Amino acid sequence: MKRFLGFLILGVVFGCNSPKPPSMDSAGQEPVTQNLKGSFSVSGAYALYPLVLTLADQFMLTHPDVKIEVTRVSTGEGLASLLTGKCQLAMISRDLTDEESSAGIWVIPLAKDGVAPVVNQRNPNIEKILAQGISPDEFMQVFTSGKQMTWGEILASDSKDKISVLIREEGAGASEVWASFLYKRASDLKGGSVNGDEELIKRIQEDPLALGFCNFSYAFDVATGERKKDIQIVPCDLDFDDKIGRVEVPFSTLQEGHRSLWLGFYPDLLCRELTIGSMGKPTDPVILEFLRYALNEGQSDVKKAGFCPLNNVYLEYARNSLK
């Protein structure tokens, strides 16, 4: 417990505000803005799919002779397709492994996001969940023990309601992030496997006793910024005192979530960059121009998609990498 407490308090203090400069390549390249012709495919993370699809559609409107195909799978599957040449860009919602970096995958950031534990607002134990939260140790028991636990066991109550544990499919970036928060690997997570955040949210909405985790943007209605019907962010009891302090109070709107992420109130281990990768720095003028678009005009679509836009420091690094 002491190991958890020390690391997690640091996470609260420094949170997502700790910069992680993206990998860069300073080779010069003049931007091409007109007469673009060509095609390429993008595959990967569920989290990034709505944003990249929007960016691709807008880019193709401006450049009618460009064809972009965007496929929604998982981060792992997208990277596998990139490594085997089945796609030219991969949508990535986790850090690269050493093996992936060694293979020559080049990445550029598009946005920032976080992963959050979620329950159904109609859970009969909701008042106790919100009052005392769930500690990292308790989350670890629920998600990795393989034991059928009750809500009473983790809330120290007499509830006999059984927890319906939901996890994301193998290869999902959200699983890697959540497992890292528990100092485990994604393969250690045990529960009902669900493909994609949308399906996970649906399953939580249908089951008052369910507990899962998802990307920030899927827990909220992006248009209004309010939580989706029956969805409640679970507060993390980071200091293990069975009560929720000021910095542990769960955010109730998407804007509050983004503010918590950038100010460092949200645990660093639950924050991540959403990136797009290629095999080495792209040389195709069409792909380079698409990435420039994503880092300039396209940043307005980042917020509309429910993600945190990149700040000026990140944007400067990323734009310079394309020169």
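For the structure, see preceding data.
Computed from a predicted structure; not experimentally measured.

Focus on the nonpolar core
- By size, the foremost hydrophobic cluster in this structure holds 90 residues, and its most contacted members are Ile-68, Phe-139 and Phe-143.
- Excluding residues that lie within four positions of it along the chain, Phe-139 makes contacts with Pro-117, Ile-134, Trp-178, Phe-181, Leu-182, Leu-211, Val-234 and Cys-236.

Quick word on unusual backbone geometry
- The backbone of Ala-156 sits at a positive phi, close to 55 degrees, despite the residue not being glycine.
- Position of Ala-156 among the secondary structure elements: in the loop between α7 (151-155) and β5 (164-168).
- Although it is not a glycine, Tyr-183 adopts a positive phi angle of roughly 55 degrees.
- Along the polypeptide, Tyr-183 turns up in the loop between α8 (173-181) and β6 (192-194).
- You can call Tyr-183 partly exposed: its relative accessible area is 26%.

Observations regarding the pairing of strand β1 (residues 38-44)
- Here β1 lies mainly inside the structure; five of its seven residues are buried.
- Strand direction decides the pairing type here: β1 and strand β2 (residues 66-72), joined by seven bridges, are parallel. Bridged to Ser-39 within β2 is Lys-67.
- With respect to chirality, the unit in which β1 leads through helix α2 (residues 49-62) into the neighbouring parallel β2 is right-handed.
- The sheet contact formed by β1 and strand β3 (residues 89-92) spans three bridges and is parallel. Within β3, the residue paired with Gly-44 across the bridge is Met-91.

Focus on a nonpolar patch on the surface
- Residues Val-247, Leu-263 and Phe-265 make up a contiguous nonpolar surface patch of about 220 Å² in total accessible area.
- Relative to the assigned elements, Leu-263 resides in helix α11 (residues 254-263).

With respect to the packing of aromatic side chains
- One pass over the full model with this rule turns up 13 aromatic pairs.
- A ring pair is formed by Phe-216 and Phe-251, whose centres lie 4.9 Å apart and whose planes are at 65 degrees; its orientation type is edge-to-face. With a gap of 35 residues between them, Phe-216 in helix α10 (residues 216-219) and Phe-251 in the loop between β8 (231-233) and α11 connect regions that are remote in the sequence. Taken individually, Phe-216 and Phe-251 each receive the classification buried, so the pair is uniform in this respect.
- When the centroid spacing of 5.1 Å and the interplanar angle of 70 degrees are considered together, the rings of Phe-216 and Tyr-266 count as edge-to-face. In this pair, Phe-216 is assigned in helix α10 and Tyr-266 in the loop between α11 and β9 (271-279), connecting sequence segments 50 residues apart.

Concerning the pattern of salt bridges
- Enumeration according to the criterion identifies nine salt bridges in this entry.
- Taking the shortest distance from any N to any O, the salt bridge between Arg-94 and Glu-100 comes out at 2.9 Å.
- One salt bridge in this structure joins Lys-147 and Glu-153, with 3.0 Å as the shortest N-O distance.
- Given a relative accessible area of 41%, Glu-153 falls into the partly exposed group.
- A network of salt bridges, in which partner residues are shared, links Arg-122, Lys-229 and Asp-230.

Observations concerning the layout of surface pockets
- Roughly 610 Å³ of volume is contained in the largest pocket.
- Along its surface, the largest pocket is lined by 26 residues, and Arg-94, Ser-175, Glu-176, Val-177 and Ala-186 are the ones closest to its centre.
- Contributing elements (two or more residues each) for the lining of the largest pocket: β5, α8 and β9.
- Examining the composition of the lining of the largest pocket, we find that five residues originate from one element, α8, more than from any other.
- In terms of residue class, the lining of the largest pocket is made up of eight nonpolar, six polar and 12 charged.
- Estimates place the volume of the second largest pocket at around 360 Å³.
- Lining the second largest pocket are 19 residues, and of these Val-247, Val-249, Pro-250, Phe-251 and Ser-260 lie nearest its centre.
- The leading source of residues in the lining of the second largest pocket is α11, at three residues.

Thresholds, definitions, all that
- Residue numbers here run from 1 along each chain, matching the order of that chain's written sequence.
- Where local features are concerned, this predicted model is filtered to residues with pLDDT of at least 70; where side-chain atom pairs are given and counted, the filter is 80 or more; whole-chain, interface and lining totals use all residues.
- Side-chain figures throughout are based on the complete set of non-hydrogen atoms in the structure, without hydrogens or water.
- Take the buried residues of types Ala, Val, Leu, Ile, Met, Phe, Trp, Tyr and Cys, join any two whose side-chain atoms come within 4.5 Å, and each joined set is a nonpolar core.
- Think of it in three bands: with a 1.4 Å probe and only protein chains considered, a residue is buried below 20% of the maximum accessible area for its type, exposed above 50%, and partly exposed in between.
- It only takes one pair of heavy atoms within 4.5 Å for two residues to be counted as in contact.
- Per the convention used, a helix needs a DSSP run of H or I reaching at least four residues, while a strand needs a run of E reaching at least two, with both numbered from the N terminus.
- A pair of strands is considered paired only if DSSP assigns at least 2 bridges between the two.
- When the strands point away from the viewer and the connection leading from the first strand across the helix to the second strand turns clockwise, the crossover is called right-handed.
- Patches in this entry comprise residues that are over 30% relatively accessible and not in a salt bridge; like charges within 9 Å are linked, as are nonpolar side chains (Val, Leu, Ile, Met, Phe, Trp, Tyr) within 5 Å.
- For accessible areas, the Shrake-Rupley method is used with a probe of radius 1.4 Å. Any residue's cover is judged against the shown protein chains and nothing else.
- A pair is scored as a salt bridge if a Lys or Arg side-chain nitrogen falls within 4 Å of a carboxyl oxygen belonging to Asp or Glu.
- Classification of ring pairs rests on two measures: the distance between centres of Phe, Tyr or Trp rings, Trp counted by its six-membered ring, which must be within 6.5 Å, and the angle between planes, read as stacked under 30 degrees, edge-to-face over 60 and tilted in between.
- Computed over the protein atoms alone on a 1 Å grid, cavities are sets of points where a 1.4 Å probe fits but cannot get out and pockets are open sets with protein on both sides within 12 Å along at least five of seven lines; a residue lines them when it has an atom within 4 Å of a point.
- Grid points are joined across faces, edges and corners, and a volume is the space filled by probe spheres set on the points.
- In this classification, Asp, Glu, Lys and Arg are treated as charged, Ala, Val, Leu, Ile, Met, Phe, Trp, Tyr, Cys and Pro as nonpolar, and every other residue, Gly included, as polar.

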